[in-house]
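Letter by letter, the chains look like this.
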Amino acid sequence: MVQVSRRSLRTVYYGWWAVLACSAVTLLTAGTFFYGFTALLKPVIAEFGWSRAVTSLAFSLRSLESGFAAPVVGFFVDRVGSRKLILFGVAVLGVGLLALSRIGSLWAFYGAFIIISIGISSCTSIPGMVVVANWFTARRSAAMGLLMAGAGAGGVLVPVFSWLIDSYGWRTALVASGIFVWAVGIPLAMAVKNKPARPPSDPKPATTLQDTAALPAVSLAPLPNYKFGEAVRCRTFWLVSIAFTMSGAAIYAISVHLMPLAESVGFSVQTGALMVTVMTVSSIAGRLGFGWMGDLWDKRYV
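Conventions used here
Residues numbered from 1 in each chain as written. Predicted model: local features only at pLDDT ≥ 70, side-chain atom pairs only at ≥ 80, totals over all residues. Heavy atoms only, no water. pLDDT = per-residue confidence, 0-100. Contact = heavy atoms within 4.5 Å. Axes fitted to C-alpha atoms, helices over the stretch in contact; angles between N-to-C directions. Helix = DSSP H or I, 4+ residues; strand = E, 2+ residues; numbered from the N terminus. Parallel < 35°, antiparallel > 145°, perpendicular 65-115°, else oblique. Nonpolar A, V, L, I, M, F, W, Y, C, P; charged D, E, K, R; others polar. Core = buried A, V, L, I, M, F, W, Y, C linked by side-chain atoms within 4.5 Å. Buried < 20%, exposed > 50% of the residue type's maximum accessible area, 1.4 Å probe, protein only. Arc of directions from axis to C-beta. Expected span 1.5 Å × (residues − 1). Polar contact = N/O pair within 3.5 Å; in protein donor to acceptor, adjacent residues only side chain to side chain. Left-handed = near helix turned anticlockwise from the far one by under 90°.

Re the confidence of the model for the protein
Right, on to step 1. Across the protein, the average pLDDT comes to 81, with 86% of residues at 70 or higher.
Right, on to step 2. Low confidence marks residues 200-222, where pLDDT is under 50. Its contacts with residues over four positions away, or in another chain, come to 33 contacts.

In structure tokens form, the structure reads like this:
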């Protein structure tokens, strides 16, 4: 029975494993920092006496840096591949978390955030999307949903991060997070393959569920391949970019201030952390569900 299960796992199309590894890296970054920052905000303010606006500005700087870094990350993904860039990003993220644990001034706080931002920009989003694009065509939307589900699943780490802060202090929690990112993220990065060794052939009709999982899922109709200059002159490119910018602004504002808001109206730290978990884990259904629907219907309507 065990042998059959292992054989089934080996026959699954490797693109799914590559995307799953990228999704798990996203889970790490989301749980230890992106959503975890809301648990860090209040203890940092309590120790240094900074205002909430000045402290949360660091997260805004992180987001701004990610915007400027995106073209640079895209440039290097094309030249060195997603695997090396994810490995670099995980290493830098761990360094940034350790640096953040040692801060003693506001400028050091901002500097640590810049390091963390460089790491996150290098190991999430763009490299993972390129892996999806290289391995999938016909089932690309479902694969993208699996990639994005990692960010939602990251919410399950927020109560753990919050407990570490409450039990051992925020500096120790950051050290533990940095080591955890290295210990788990580096092996995950090594599991990523940039693209198939050769273009997969058109799949035969599936007869079993196992056959379906193993299909390379190749589209019979080639997709358009825009050059950079053609893409930036396309109206759709700018509409999608604006939509992501607007939604990102709302998501960042909520995720940073949710736990301090919950505590300000009388909820415990643990309850505030649970709110973040419920919000993010609930989003997994949408990420996977809309990814699946995107392969069936016109994505504009989805």
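So that's the structure; there's more coming.
Details of the packing of helix α2 (residues 14-34) against helix α10 (residues 170-190)
Right, on to step 1. It is the contact of α2 with α10, at a shortest axis distance of 9 Å, that shows an interaxial angle of 170°. When the interaxial angle is binned, α2 and α10 end up roughly antiparallel. Taking contact as the criterion, the partners of A21, A24, V25, L28 and T32 in α2 are, on α10, S177, F180, V181, V184, G185 and L188.
Right, on to step 2. Taken together, the residues that form the contact of α2 with α10 break down as eight nonpolar, three polar and no charged.

Overview of the nonpolar core
Right, on to step 1. In this structure, F33, F37, L40, I86, L100, F109 and F113 are the most contacted members of the largest nonpolar core, which totals 54 residues.
Right, on to step 2. Considering each element in turn, this core owes the most residues, nine residues, to α2.
Right, on to step 3. Filtering out sequence-adjacent residues up to four positions away, L100 remains in contact with F33, L40, F109, A112, F113, I116, W170 and L174.

Re helix α7 (residues 126-135)
Side chains three or four residues apart in an α-helix point the same way, a direct result of the helix having 3.6 residues per turn.
Right, on to step 1. For α7, every residue scored as buried is listed here: P127, G128, V131, V132 and W135. Relative to the axis of α7, the buried residues are bounded by an arc of 145° and lie together on one face.

Here we look at helix α3 (residues 37-48)
Right, on to step 1. Here α3 spans 16 Å end to end across 12 residues, near enough to the 16 Å set by a 1.5 Å rise per residue.
Right, on to step 2. Taken residue by residue, α3 has F37, T38, A39, L40, L41, V44 and I45 as its buried positions.
Right, on to step 3. G49 occupies a position one or two residues after α3 and carries a positive phi of about 75°.

Structural notes on the side chain of S121
Right, on to step 1. If you trace the backbone, S121 turns up in helix α6 (residues 106-123).
Right, on to step 2. Residue classification places S121 among the buried positions, given a relative accessible area of 11%.
Right, on to step 3. Among the polar contacts made by the side chain of S121, one reaches the main-chain carbonyl oxygen of S117 at a distance of 2.9 Å.

Topic: the side chain of S141
Right, on to step 1. Of note, S141 is situated in helix α8 (residues 140-153).
Right, on to step 2. Judged by its relative accessible area of 12%, S141 falls in the buried class.
Right, on to step 3. Those residues in contact with S141 that lie beyond four places of it in its chain are F290, G291, G294, D295 and K299.

Some thoughts on the packing of α3 against helix α9 (residues 158-168)
Right, on to step 1. Running from N to C, α3 and α9 cross one another at 20°; their axes reach a closest spacing of 9 Å. Our classification of the angle between α3 and α9 gives roughly parallel. When you trace α3 past α9, the crossing you get is right-handed. Contact residues: α3 offers A39, L40 and P43, while α9 offers F161, S162 and I165.

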